[in-house]
Amino acid sequence: MLCRTCAFIFKRQLPSVVYLRKNLSGKELQQDERDPGKYFFDDKVQALMKKLTRMDLEKVFRIRKEGQKLETPEYKFMTTEDLENEMEKMMEKADRLLQMPPFVKEREEINTILANDKHIQGFETSKFVFTDISYGSSDRDRVIVVREPNGILRKANWEERNRMNQIYFERIGRKIKPPPMFEDKYLRDLLERKEYVFTLDRACIQFEPDDRDFIRVRNAVYDHANENKEFESLRSTRHFGPLAFYLAWKNQIDFLLIDLIDGDRLDEAVSLIELYQVLQPSSKIAGKKDQIKGDIEIIKAYAELSSLRRQDVEMAIKNYSQRQFHNIGEDDQAMAQLNS
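Residues numbered from 1 in each chain as written. Predicted model: local features only at pLDDT ≥ 70, side-chain atom pairs only at ≥ 80, totals over all residues. Heavy atoms only, no water.

**Student:** Could you clarify how one ought to interpret the sheet that holds strand β2 (residues 128-131) in this entry?
**Tutor:** As a general point, the strands of a sheet are linked pairwise by backbone hydrogen bonds and lie either parallel or antiparallel. Taken in spatial order, the four strands line up as β1-β4-β3-β2 in an open sheet, and their pairing is antiparallel. Lying at the two open borders of the sheet, with one neighbouring strand each, are β1 (113-116) and β2. Between one strand and the next, the sheet's axes are offset by a mean angle of 20°, whatever the strand orientation. Pairing of strand β3 (residues 144-147) with strand β4 (residues 152-155), which is carried by three bridges, proceeds in the antiparallel orientation. Each residue of the ladder has a partner; that of Val-146, found in β4, is Arg-154. Running at roughly 115° to β3, helix α7 (residues 158-168) makes contact with β2, β3 and β4 of the sheet. (Pairing = 2+ DSSP bridges. Helix = DSSP H or I, 4+ residues; strand = E, 2+ residues; numbered from the N terminus. Axes fitted to C-alpha atoms, helices over the stretch in contact; angles between N-to-C directions. Contact = heavy atoms within 4.5 Å.)

The structure is reproduced here in structure tokens:
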């Protein structure tokens, strides 16, 4: 009898409990100018992050140790035209594999009470969860409501929504209960072993981008990689662009900038500073972006105006200049030997 009553009430109140869709690039961004999603999806920012990712096909298509059965390599004889077509397909596949996880604002908790019917209070000791399993509804906008034993009808919170969505519409690899690896004590061990990519890939499967736990895990990985200057382990993966975004967002790009200068990647160093200028519009270097020309001059200006490690950045620039001078000297000697 109670189940029919709840079903009747649910049907009667259905128009008022429809779960409103949240567009991460729309309404929420207007409420907060510093929502990172507003900047992350900008075309210029996307282009800068892709450049900094630095596509390395060998690393993109590396064999991952995930317990899978390895397939026997297949060899083919191809014409030049066939090889070019295959390379084009591989580049398209690499672009898909390097698609970056969204960097968005943490979602707000759901605390919406729809009705309070005291006439059915105390009929049951457990709550009822009603889930709309109609075809065409996404996990994000699916109607899920909860009837409490005290008569309150409310929208399901995020934990309840995740559980019901996984029960009815299972996602491969996602668990109803998050694995222990995301608990702090186990997460610290993964970070110490530099399992950055594995941890982030697993977090992308388990959590939504605006989930508090995903943001916690992602930030912990990026902070650890930055503090230990372990940028190469994330380079040419889908997580490197968001790493650069995170560091620029937090005003912590100096270690990465020095790494790029030490690797003679001045074009990428300038791209990182450009990303910083977009995400830190009130910084001193942001006001000079149209006034300074030349890669070295832009980096020097950043070191002087905005860097938190000015001496380290200037030393990296000095070392770069010395390497360039040394290389020019070697080239001149080689030319002199050829002419003689």
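**Student:** How do you make sense of the packing of helix α10 (residues 212-227) against helix α11 (residues 240-249) when you look at a structure like this?
**Tutor:** Contact geometry for α10 and α11: axes closest at 10 Å, N-to-C directions at 80°. With respect to α11, the axis of α10 lies roughly perpendicular. Where α10 abuts α11, its residues Asn-219, Tyr-222, Asp-223 and Asn-226 lie against Pro-242, Leu-243, Tyr-246 and Leu-247. Residue composition of the contact of α10 with α11, by class: five nonpolar, two polar and one charged. (Parallel < 35°, antiparallel > 145°, perpendicular 65-115°, else oblique. Nonpolar A, V, L, I, M, F, W, Y, C, P; charged D, E, K, R; others polar.)

**Student:** Which parts of the structure should I look at to understand unusual backbone geometry?
**Tutor:** Both trends apply: most residues other than glycine have a negative phi, and most peptide bonds are in trans. One non-glycine residue, Arg-54, adopts positive backbone phi at about 60°. Within the secondary structure layout, Arg-54 lies in the loop between α4 (43-53) and α5 (57-60). For Lys-229, which is not a glycine, the phi torsion comes out positive at approximately 55°. Here Lys-229 lies in the loop between α10 and α11.

**Student:** Hey, could you run me through the pattern of salt bridges in this one?
**Tutor:** Pairs can form between side chains of opposite charge once their charged atoms are near each other. Per the stated rule, a full pass over the model turns up 26 salt bridges. For the salt bridge of Arg-154 with Glu-148, the shortest nitrogen-to-oxygen distance reads 2.8 Å. Salt-bridge contacts for Arg-309 lead to Asp-312; the nearest nitrogen and oxygen are separated by 3.9 Å. Residue classification places Asp-312 among the partly exposed positions, given a relative accessible area of 38%. A cluster of three or more residues bridged by salt bridges with shared partners is formed by Asp-139, Arg-142, Arg-171, Arg-174 and Glu-208. (Salt bridge = Lys/Arg side-chain N within 4 Å of Asp/Glu carboxyl O. Buried < 20%, exposed > 50% of the residue type's maximum accessible area, 1.4 Å probe, protein only.)

**Student:** In this structure, what is going on with the confidence of the model for the protein? I would like to understand it.
**Tutor:** Residues shown with low pLDDT carry predicted positions that ought not to be read at fine detail. Averaged over the protein, the pLDDT score is 86; the fraction of residues at 70 or greater is 85%. In this model residues 1-32 is a low-confidence stretch, pLDDT under 50, and it forms 44 contacts with partners more than four residues away in sequence or in other chains. (pLDDT = per-residue confidence, 0-100.)

**Student:** Is there a simple way to explain the pairing of β3 in this structure?
**Tutor:** For a regular strand, the rule is simple: side chains alternate between the two faces of the sheet. Residues of β3 alternate between two faces, with Ile-144 and Val-146 on one and Val-145 and Arg-147 on the opposite face, all of them buried. In terms of strand pairing, β2 meets β3 through four bridges, oriented antiparallel. Directly across from Phe-128, in β3, lies its bridge partner Arg-147. Counted between consecutive antiparallel strands, the loop separating β3 from β4 contains four residues, among which Gly-151 sits at a positive phi close to 95°.

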